[in-house]
Amino acid sequence: QVRLVESGGGSVQAGGSLSLSCAASGSTFWFNIMGWHRQAPGKQRELVANIKIGSTPTYLDSVKGRFTISRDITGNKVYLQMNSLKEEDTGVYYCRAERNGVAFWGQGTVVTVSS
């Protein structure tokens, strides 16, 4: 049973930074894609950033230059460094991992950015 566990959410003032981590357990195989999605109150879930094996990361336009996604050498942990946070970055951040077309989701971690 694959399980994704996020950590690192919290509250911060605009302009601040937070780091999110996601660890996958229950799998001995690499995930083709790992990434982060978010859902703001009243809005649809959207892709924030993902990283595929052998490719450069993909970012939502509004976070380019502020957020950085990375994976560790084992391949089953993914991180999101978020700098220069804005109020509009507020939401629940979900870790997502995909292997051979099958997607797995974490339970989400809340990020709140206040002015």
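Thoughts on the layout of surface pockets
If you add up the space inside the largest pocket, you get close to 200 Å³. If you trace the largest pocket, you find 13 residues lining it, with R38, A40, K43, E46 and E88 closest to the centre. Class assignment for the residues of the lining of the largest pocket results in one nonpolar, four polar and eight charged.

Here we look at the nonpolar core
Among the nonpolar cores identified, the biggest contains 25 residues, and W36, V48, F67, V78, L80, M82 and Y93 are the most heavily contacted of them. Secondary structure elements with two or more residues in this core: strand 3 (18–25), strand 4 (33–39), strand 5 (46–52), strand 7 (67–71), strand 8 (77–82), strand 9 (91–99) and strand 11 (109–114). It is strand 3 that contributes the most residues to this core, four residues altogether.

Quick look at the side chain of E98
Examined against the element boundaries, E98 turns out to sit in strand 9. Here the side chain of E98 touches R96 through a polar contact of 2.9 Å, side chain to side chain.

A short note on the pattern of salt bridges
Across all of its chains, the model carries five salt bridges by this definition. R38 is paired through a salt bridge with D89; the nearest N and O atoms lie 2.9 Å apart. In this pair, R38 sits in strand 4 while D89 sits in the loop between strand 8 and strand 9, placing the two residues 51 residues apart along the sequence. Residue classification places R38 among the buried positions, given a relative accessible area of 5%. D61 is the salt-bridge partner of K64, the closest N and O atoms lying 3.0 Å from each other. A network of salt bridges, in which partner residues are shared, links R38, E46, R66 and D89.

Overview of the sheet that holds strand 1 (residues 3–7)
In any sheet, the strands associate via hydrogen bonds between backbone groups, in a parallel or an antiparallel arrangement. With antiparallel pairing, four strands are arranged side by side in an open sheet as 1-3-8-7. Pairing within the sheet leaves two strands with one partner each, and these edge strands are strand 1 and strand 7. Neighbouring strand axes in the sheet, compared pairwise and without regard to direction, differ in orientation by 15 degrees on average. Where strand 7 lies against strand 8, five bridges are found, and the strand directions are antiparallel. Paired with F67 across the bridge in strand 8 is M82.

Analysis parameters
Residues numbered from 1 in each chain as written. Predicted model: local features only at pLDDT ≥ 70, side-chain atom pairs only at ≥ 80, totals over all residues. Heavy atoms only, no water. 1 Å grid on protein atoms, 1.4 Å probe; cavity = no way out; pocket = protein on both sides within 12 Å on 5 of 7 lines; lining within 4 Å. Points joined across faces, edges and corners; volume = space filled by probe spheres on them. Nonpolar A, V, L, I, M, F, W, Y, C, P; charged D, E, K, R; others polar. Core = buried A, V, L, I, M, F, W, Y, C linked by side-chain atoms within 4.5 Å. Buried < 20%, exposed > 50% of the residue type's maximum accessible area, 1.4 Å probe, protein only. Helix = DSSP H or I, 4+ residues; strand = E, 2+ residues; numbered from the N terminus. Polar contact = N/O pair within 3.5 Å; in protein donor to acceptor, adjacent residues only side chain to side chain. Salt bridge = Lys/Arg side-chain N within 4 Å of Asp/Glu carboxyl O. Pairing = 2+ DSSP bridges. Axes fitted to C-alpha atoms, helices over the stretch in contact; angles between N-to-C directions.

Structural measurements only, silent on function.
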